[in-house]
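Take a look at the letters that make up each chain.
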Amino acid sequence: MSDMTVTSSEHGVIRLFALDMRPEEAKFLREPGAADQVLGVSGLDPEQIDIFPVSDLEDLGLYGYLSEGCGVSEDQLDRTQLGAVDGWVLVLRSAALHGHAATLKPDPRLRLIGFYTEEATNWSGGTIETESARPYSAAPNPVSGGQPRRTGSAVLALIILLIIGGALWLIL
């Protein structure tokens, strides 16, 4: 398999590989650093790499795993091609590279099934027309005369002074 270049700006890309190896070898790839070796790059985030037998997906299959589990749009997926994959697979998300550029040099026992992109969240939205969304709608109304009222504070201060004065009068 030829080398694959991953740019530092890549995000949301999923690479799916079939593993042409014995189950014991495939299980070993779950060990720290083992996936790095077969992909020919170091420092991968193991949390962003999935290695499993397709049979573990049962009725969901690779098609369901990618569409429902990974957020890949159905127009990118070929149900027949994914249904034909059996044995063990390796799923590599671009986040595994921590935003660094790299050149993957996959082991010959890894067969690329495909590249898929996760659906991005659409952060755009329409204009909110409610009164509470208008600028300065939460600002307090200005008090007449431009001076804030401090009546409550003055009354509280007077009560505290009376209590302190009464306590001193009783003590002396």
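Refer to the structure above for everything that follows.
Here's a quick rundown of the structure. In this text, all values refer to a predicted model and were calculated from it rather than measured experimentally. (Residues numbered from 1 in each chain as written. Predicted model: local features only at pLDDT ≥ 70, side-chain atom pairs only at ≥ 80, totals over all residues. Heavy atoms only, no water.)

This part covers the overall build of the protein. Across its full length, the protein holds 5 helices and 6 strands. Ordered by position from N to C terminus, the α and β elements of the protein give β-β-α-α-β-α-α-β-β-β-α. A compact globule built from 172 residues should have a C-alpha radius of gyration of about 16 Å, whereas the protein, at 32 Å, is more than 25% larger. Viewed in the frame of its principal axes, the protein has a C-alpha envelope of about 95 × 50 × 35 Å. The burial tally for the protein puts 34% of its 172 residues in the buried class. For the protein, the share of sequence-separated contacts (at least 6 apart) that also reach a separation of at least 24 residues comes to 80%. Taking the average location of the 12 positive side-chain charges in the protein and that of its 23 negative ones, the two points are 8 Å from each other. (Helix = DSSP H or I, 4+ residues; strand = E, 2+ residues; numbered from the N terminus. Rg over C-alpha atoms; globule rule 2.2 N^0.38 Å. Buried < 20%, exposed > 50% of the residue type's maximum accessible area, 1.4 Å probe, protein only. Contact = heavy atoms within 4.5 Å. Lys, Arg positive; Asp, Glu negative; His and termini not counted. Charge placed at Lys NZ, Arg CZ, Asp CG, Glu CD.)

Attention shifts here to the sheet that holds strand S2 (residues 13–19). To summarise the sheet geometry, strands pair through backbone hydrogen bonds and adopt either a parallel or an antiparallel arrangement. If you trace the 4 strands from one edge of the open sheet to the other, you get S3-S4-S2-S6, paired in antiparallel fashion. Both edges of this open sheet fall to strand S3 (49–53) and strand S6 (110–117), since each of them pairs with a single strand only. For this sheet, the mean angle separating the axes of adjacent strands, direction not counted, is 20°. Sheet analysis places S2 next to strand S4 (residues 88–93), joined by 6 bridges and oriented antiparallel. (Pairing = 2+ DSSP bridges. Axes fitted to C-alpha atoms, helices over the stretch in contact; angles between N-to-C directions.)

For the rest of this paragraph, the subject is the environment of alanine 34. Within the secondary structure, alanine 34 sits in helix H2 (residues 34–39). In this structure alanine 34 comes out as buried when scored by relative accessible area, which is 4%. Through-space distance from the C-alpha of alanine 34 to that of proline 46 is 9.6 Å; in sequence the pair is 12 residues apart.

Moving on, we come to a nonpolar patch on the surface. A surface patch of nonpolar side chains, about 670 Å² in accessible area, is lined by Leu156, Ile160, Ile164, Leu168, Ile171 and Leu172. Position of isoleucine 171 relative to the elements: it lies in helix H5 (residues 151–171). (Patch = residues over 30% accessible without salt bridge, like charges linked within 9 Å, V, L, I, M, F, W, Y side chains within 5 Å. Areas by Shrake-Rupley, 256 points an atom, 1.4 Å probe, with all protein chains shown as cover. Salt bridge = Lys/Arg side-chain N within 4 Å of Asp/Glu carboxyl O.)

Our next topic: the environment of arginine 79. Considering the arrangement of structural elements, one finds arginine 79 in helix H4 (residues 79–83). Sequence separation between arginine 79 and leucine 170 is 91 residues; the distance between their C-alpha atoms is 91 Å.

Attention now moves to the side chain of serine 73. When you line up the elements, serine 73 lands in the loop between helix H3 (61–69) and H4. Only 2.4 Å separates the side chain of serine 73 from the side chain of aspartate 75, close enough to count as a polar contact. Of note is the side chain of serine 73, whose polar atom sits 3.1 Å from the side chain of glutamine 76. (Polar contact = N/O pair within 3.5 Å; in protein donor to acceptor, adjacent residues only side chain to side chain.)

Within the chain, glutamate 58 stands out as a residue other than glycine whose phi angle is a positive 50°. Inspection of the secondary structure puts glutamate 58 in the loop between S3 and H3. In this structure, histidine 98 is a non-glycine residue whose phi angle is positive, near 55°. With respect to the helices, strands and loops of the structure, histidine 98 is situated in the loop between S4 and strand S5 (102–104).

What follows deals with the packing of aromatic side chains. Scanning the entire structure with this criterion turns up 1 aromatic pair. The cationic tip of arginine 79 hangs over the ring face of tyrosine 63; the distance from NZ or CZ to the ring centre is 3.8 Å. (Phe/Tyr/Trp six-rings, centres within 6.5 Å; stacked < 30°, edge-to-face > 60°. Lys NZ or Arg CZ within 6 Å of the ring centre and 35° of its normal.)

Limitation: the analysis is restricted to geometry and does not speak to function.
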